[in-house]
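# A structural walkthrough
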Amino acid sequence: MQIGISFTLPAQNLQVFPARRASFKCQKSPLNPLTKPHSSSQKPVSLTSSTELTRQHLSNLEKLLQKTNQADPEQVIKAPTIGPTETKGKGLLEGLNIARIWPEMRAAEEMSPRHLNRLQRLLSKTMEYSPRNNLGSRWREYHGCNDWSGLLDPLDENLRREVVRYGEFVQAAYHGFHSKPTMSTDEAPLPRHVALPDRSYKVTKSLYATSSVGLPKWVDDVAPNLGWMTQRSSWIGFVAVCDDKREIQRMGRRDIVIALRGTATCLEWSENFRAQLVQIPESDDPTQKVECGFLSLHKTPGAHVPSLAESVVEEVQRLIEMYKGESLSITITGHSLGAALSLLVADEISSCAPQVPPIAVFSFGGPRVGNKGFVERLNEKNVKVLRIVNNQDLITRVPGVVIGEGSEQQQQQQQDQQEKQGNESFARVFNMLENNNPWAYSHVGTELRVDTKLSPYLKPNANVACCHDLEAYLHLVDGFLSSNCPFRSNAKRSLVKLLHDQGSNVKQLYTYKALSLNLERDRISIPMSSLSSPSR
């Protein structure tokens, strides 16, 4: 947004321009080429001639600015009239409209706390979305059939909306767990109500994850009141399906969503640290390996609940049969631990039926899950993965030692360089480490990288928890334009939840401004997705 300011000088202020000394010289100005320089022998310029010259200069300056503004009429917004009191003390540089010349300065100014109207809107509205355009025949492209080529940098507005929408399903999974974290150890759990952010979907199945390890008995003696924090089985997410005809028509297909939350219990944390690579049970290839702890949570059944893998396969098979003949898609989304389990779920259901619908994974802040063999396994099954990664998020850099990581283009460049150098011995050592090292991990899929430091609202030194927080991720995605552009000025996502979850990591200018606007953040009705998403 650009603001053109037409600057004129009141008549009563013209007396500030008389010559201060006899040596004052009228220099030739590019705005008034007819003006001739005076020789030193001439008399000092009179007050009358000085005033006339000043009027002419200001008149030419005004015409120049108006001509420049007319060249871009769509981006110019007239500034409100400034009264004499407000004009007093303003410099002539205001009329030059510096923000129009330097876009970075303009964007910073538009995001400044001085823009109270915009800030009040962002702090008072609980939800505002970018327009939901009709995806129609392009839905496969947005679902990753071409690995999101040409849609990420700059970020396509429709893809941005879809990414944020799937992230809110994960927030619903967090809320569904925290609303009732305790599970009975004596009987099967009852069906659980989940408040979805998108009313066009309905939940069809609750999902549970069970740890294969238990805490030592002395833990109960030392801390007997931990309760659900020490339970082996926990509610971890859900399966939902779109059943709204208008939304199905907008998306171009009926969408099945599997949403998984991040780590919450002590035993889930203990599984996260079991970082040794183990072979996938269903694989005949011994080089295809995944993290031991993630596989345990995926495959272990509970006392009264089936394993996560078994539940997902059973429900997906049922839905495929129910909507046989329709255009379907399967979208798996998760944050942190849920992002890791999303890849294992995608691998599991990719072969659960003769004709499985297209599968895409949208993961937020996910750790590494397996080695290069696991990456090749998912690629062979045509599972598409979009990893949303915060540049300051440490969780995305663990576990294990990085070998063979990077895009296919980067890996090919490394191989070409090795061939040119004729370093065959190094290549053999590299392959040996990659195949035999139990800590050789590699990321999967296509990456969308955001950065906490680009947000005008978050502190550049935000802590680890903030950089991994799901709401912070959605805030960064909503403001992302491209890798070489600042935070978009027309971002839609409310700041209320960000202040609620990460108030200590929001710049003080905005927290103070929120208080000055008399917004009682603690009393604001936060939407159901506002509960904090814990790290990992």
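Residues numbered from 1 in each chain as written. Predicted model: local features only at pLDDT ≥ 70, side-chain atom pairs only at ≥ 80, totals over all residues. Heavy atoms only, no water.

The name an unreviewed UniProt entry assigns to the chain is Phospholipase A1-Ibeta2, chloroplastic-like, from the organism Durio zibethinus. In its Subcellular location (unreviewed entry) section, UniProt records this for the chain: "Plastid, Chloroplast". (UniProt positions renumbered as here; feature names shortened; annotations may be inferred.)

### Comments concerning helix H7 (residues 157-179)
Between its terminal C-alpha atoms H7 stretches 33 Å, which fits the 33 Å expected from 23 residues at 1.5 Å a residue. In terms of burial, H7 is a largely internal element, 19 of the 23 residues being buried. The N-cap of H7, judged by a side-chain oxygen 2.9 Å from the amide nitrogen of Asn-158 a few residues on, is Asp-156. (Helix = DSSP H or I, 4+ residues; strand = E, 2+ residues; numbered from the N terminus. Expected span 1.5 Å × (residues − 1). Buried < 20%, exposed > 50% of the residue type's maximum accessible area, 1.4 Å probe, protein only. Polar contact = N/O pair within 3.5 Å; in protein donor to acceptor, adjacent residues only side chain to side chain.)

### Some points on the pairing of strand E8 (residues 328-335)
Within E8, 8 of the 8 residues are buried, leaving the element largely enclosed by the surrounding structure. The alternating pattern of E8 places Leu-328, Ile-330, Ile-332 and Gly-334 on one face and Ser-329, Thr-331, Thr-333 and His-335 on the opposite face, and all of these are buried. Bridging between strand E5 (residues 254-260) and E8 involves 7 bridges; their strand directions are parallel. Along E8, the bridge assignment pairs Val-257 with Thr-331. Both E8 and strand E9 (residues 359-364) contribute to a ladder of 6 bridges, which runs parallel. What sits directly across from Thr-331, in E9, is Ala-360. Considered for its hand, the β-α-β crossover made up of E8, helix H13 (residues 337-349) and E9 is right-handed. (Pairing = 2+ DSSP bridges. Right-handed = clockwise from strand over helix to strand, strands pointing away.)

### Quick word on the nonpolar core
Core analysis: the largest hydrophobic core is formed by 58 residues, its most contacted members being Leu-159 and Phe-238. In terms of residue count, H7 provides more of this core than any other element does, 10 residues in total. With sequence-adjacent residues up to four places away left out, Phe-238 is seen in contact with Phe-169, Ala-172, Ala-173, Val-194, Leu-196, Val-203, Lys-205, Ser-206, Leu-207, Val-257, Ile-258 and Ala-259. Among the nonpolar cores identified, the runner-up in size contains 42 residues, and Ile-280, Leu-343, Val-375 and Val-385 belong to it. (Core = buried A, V, L, I, M, F, W, Y, C linked by side-chain atoms within 4.5 Å. Contact = heavy atoms within 4.5 Å.)

### With respect to the packing of helix H11 (residues 292-299) against H13
One way to put it is that H11 packs onto H13 with a least axis distance of 10 Å and a crossing angle of 65 degrees. Judged by the sense of rotation from one axis to the other, the crossing of H11 with H13 is right-handed. Each of Phe-294, Leu-295, Leu-297, His-298 and Lys-299 in H11 lies in contact with H13, whose residues at this interface are Leu-337, Ala-340, Leu-341, Leu-344, Val-345 and Glu-348. Class assignment of the residues belonging to the contact of H11 with H13 gives a composition of 8 nonpolar, 1 polar and 2 charged. (Axes fitted to C-alpha atoms, helices over the stretch in contact; angles between N-to-C directions. Left-handed = near helix turned anticlockwise from the far one by under 90°. Nonpolar A, V, L, I, M, F, W, Y, C, P; charged D, E, K, R; others polar.)

### Some thoughts on the pattern of salt bridges
Side chains that differ in charge, positive against negative, can pair when their charged atoms come close. All chains considered together, the criterion is met by 21 salt bridges. We note a salt bridge from Lys-299 to Glu-348, for which the minimum N-O separation is 3.0 Å. Placement of the pair is Lys-299 in helix H11 and Glu-348 in helix H13, with a sequence separation of 49 residues. Relative accessible area serves as the criterion here: at 25%, Lys-299 is assigned to the partly exposed category. With its nearest N and O atoms 3.2 Å apart, the salt bridge here joins Glu-447 to Arg-387. Residue Glu-447 is found in strand E13 (residues 446-450), and its partner Arg-387 is found in strand E10 (residues 384-390); the two are separated by 60 residues along the sequence. What makes Glu-447 partly exposed here is its relative accessible area of 32%. A cluster of three or more residues bridged by salt bridges with shared partners is formed by Glu-162, Arg-165, Asp-198, Glu-247 and Arg-250. (Salt bridge = Lys/Arg side-chain N within 4 Å of Asp/Glu carboxyl O.)

### Remarks on the sheet that holds E10
Across the sheet, 7 strands lie side by side as E3-E4-E5-E8-E9-E10-E13; this open sheet has mixed pairing. Of all strands in the sheet, those bounded by a partner on one side alone are strand E3 (201-210) and E13. Across the sheet, the mean angle from the axis of one strand to that of its neighbour is 20 degrees, orientation sign disregarded. Two strands pair when backbone bridges link them, and E10 and E13 are joined in this way by 5 bridges, in the parallel orientation. When the sheet's bridge partners are listed, Arg-387 is paired in E13 with Glu-447. Sitting on the sheet, helix H12 (residues 308-322) is in contact with E3, strand E4 (233-242), E5 and E8, with an inclination near 155 degrees to E3. Of the strands in this sheet, E8, E9, E10 and E13 are in contact with helix H18 (residues 470-479), which crosses E10 at around 100 degrees.

### What about the packing of H12 against H13?
Put simply, H12 and H13 touch, their axes get as near as 10 Å, and they point 50 degrees apart. Between H12 and H13, the interaxial angle falls into the category oblique. Relative to H13, the crossing made by H12 is right-handed. For the pair formed by H12 and H13, the contact residues are Leu-308, Ala-309, Val-312, Val-313 and Val-316 on the first element and Leu-341, Val-345, Glu-348 and Ile-349 on the second. Split by residue class, the contact of H12 with H13 holds 8 nonpolar, no polar and 1 charged. (Parallel < 35°, antiparallel > 145°, perpendicular 65-115°, else oblique.)

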